[in-house]
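Survey of secondary and tertiary structure
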Amino acid sequence: WMRLADGSGLTGLAAMSDVLADADIMWVRPLLDVTRSDIAAYARLHALPVIDDASNRNDGFLRVRLRGFAEQLAAEGLTPARLSRTIDKLRDAEDALAQIADDLWQSTVSLHPAGALRIDISGWAACPRDLRRRVLQRAVMTLSALVYPPAHDLLVDIADQASRAQLTAATLAGCWIR
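Structural notes, computed from the coordinates. (Residues numbered from 1 in each chain as written. Predicted model: local features only at pLDDT ≥ 70, side-chain atom pairs only at ≥ 80, totals over all residues. Heavy atoms only, no water.)

Another point: the packing of aromatic side chains. For the structure shown, the criterion picks out 0 aromatic pairs. R63 extends its terminal NZ or CZ atom over the ring of F61, reaching a point 4.9 Å from the ring centre. (Phe/Tyr/Trp six-rings, centres within 6.5 Å; stacked < 30°, edge-to-face > 60°. Lys NZ or Arg CZ within 6 Å of the ring centre and 35° of its normal.)

Printed below as a string of structure tokens:
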């Protein structure tokens, strides 16, 4: 809900993955689909100590305020289980687009010996807007030291200009794009 309120796209709405490979580390989140009540029941059954985080009741946090709507949403049919199924579908779509973007990257991007990246504009420009944005984002992330990608709208604007041959030059995240 927080990502939806923030205007996230498919990547953000697909939620976090239960497994993420990052360099030499594999992050595993095995309890993403387990409810709080299931965890509490398991802890009671096995006499495990439970830590109560008071911040989970603090209305100063948006996540807490949004949880307050859970009953109303469930009454309208948007149960946690249904939301989870929808997120699974979004994640499937995100995975498919990521694979297509990777294929586009392989076919249109080459590394110059001096360290620059070159995108074959003819193949790249013929692709849908989101795929162009994804390839440009990967290029910027490859060349910069960013941990998080640049703003979506900036990437789209530069990709749109470049695909229409209207971009003379731009800078983004320390990269010079021409």
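Quick look at the environment of A14 now. Mapped onto the fold, A14 is located in the loop between helix 2 (10–13) and strand 1 (19–22). Considered as a pair, A14 and A125 are 111 residues apart in the sequence and their alpha carbons are 26 Å apart. (Helix = DSSP H or I, 4+ residues; strand = E, 2+ residues; numbered from the N terminus.)

Mapped onto the secondary structure, D160 falls in helix 9 (residues 152–163). A distance of 2.2 Å separates a polar atom in the side chain of D160 from a polar atom in the side chain of R129. Filtering out sequence-adjacent residues up to four positions away, D160 remains in contact with R129 and R132. (Polar contact = N/O pair within 3.5 Å; in protein donor to acceptor, adjacent residues only side chain to side chain. Contact = heavy atoms within 4.5 Å.)

This next bit is on unusual backbone geometry. A positive phi angle is found at A165, which is not glycine, with a value near 60°. Among the structural elements, A165 can be located in the loop between helix 9 and strand 5 (170–172). Looking at A165, the relative accessible area reads 70%, which means it is exposed. If you check the backbone angles, A173 has positive phi at about 55° while not being a glycine. Note on A173: relative accessible area 33%, which makes it partly exposed. (Buried < 20%, exposed > 50% of the residue type's maximum accessible area, 1.4 Å probe, protein only.)

Should their charged atoms come close, side chains of opposite charge can pair. Within this structure, the stated rule accounts for 8 salt bridges. Among the salt bridges present, the one from E94 reaches R134, with a minimum N-O distance of 2.8 Å. Residue E94 is found in helix 6 (residues 80–108), and its partner R134 is found in helix 8 (residues 129–143); the two are separated by 40 residues along the sequence. Exposure remark for E94: the relative accessible area of 12% places this residue in the buried category. Salt bridges linked by common partners bring E94, D130, R133 and R134 together as one network. (Salt bridge = Lys/Arg side-chain N within 4 Å of Asp/Glu carboxyl O.)

Turning our eyes to something else, we now look at helix 9. The end-to-end C-alpha distance of helix 9 is 16 Å, a good match for the 16 Å that 12 residues give at a rise of 1.5 Å each. The complete set of buried residues in helix 9 reads L155, V156, I158, A159, D160 and A162. Contacts made by the buried residues of helix 9 are with helix 7 (121–125), helix 8, strand 5 and strand 6 (175–177). Phi turns positive, to about 60°, at A165, one or two residues after helix 9. (Expected span 1.5 Å × (residues − 1).)

On to the nonpolar core. Counting residues in hydrophobic clusters, the biggest one holds 20 residues, and the most contacted among them are W124, L136, I158 and I177. Sorting the residues of this core by element identifies helix 6, helix 8, helix 9, strand 5 and strand 6 as the ones contributing at least two each. Broken down by element, the residue count for this core peaks at 5 residues, all from helix 8. Not counting residues within four places of it along the chain, the set of residues in contact with I158 comprises L136, L167, A170, L172 and I177. (Core = buried A, V, L, I, M, F, W, Y, C linked by side-chain atoms within 4.5 Å.)

Turning our eyes to something else, we now look at the pairing of strand 1. Two strands pair when backbone bridges link them, and strand 1 and strand 2 (residues 25–28) are joined in this way by 4 bridges, in the antiparallel orientation. Counted as the bridge partner of A21 is M26 from strand 2. Between the antiparallel neighbours strand 1 and strand 2 lie 2 residues, among them A23 with a positive phi of about 60°. (Pairing = 2+ DSSP bridges.)

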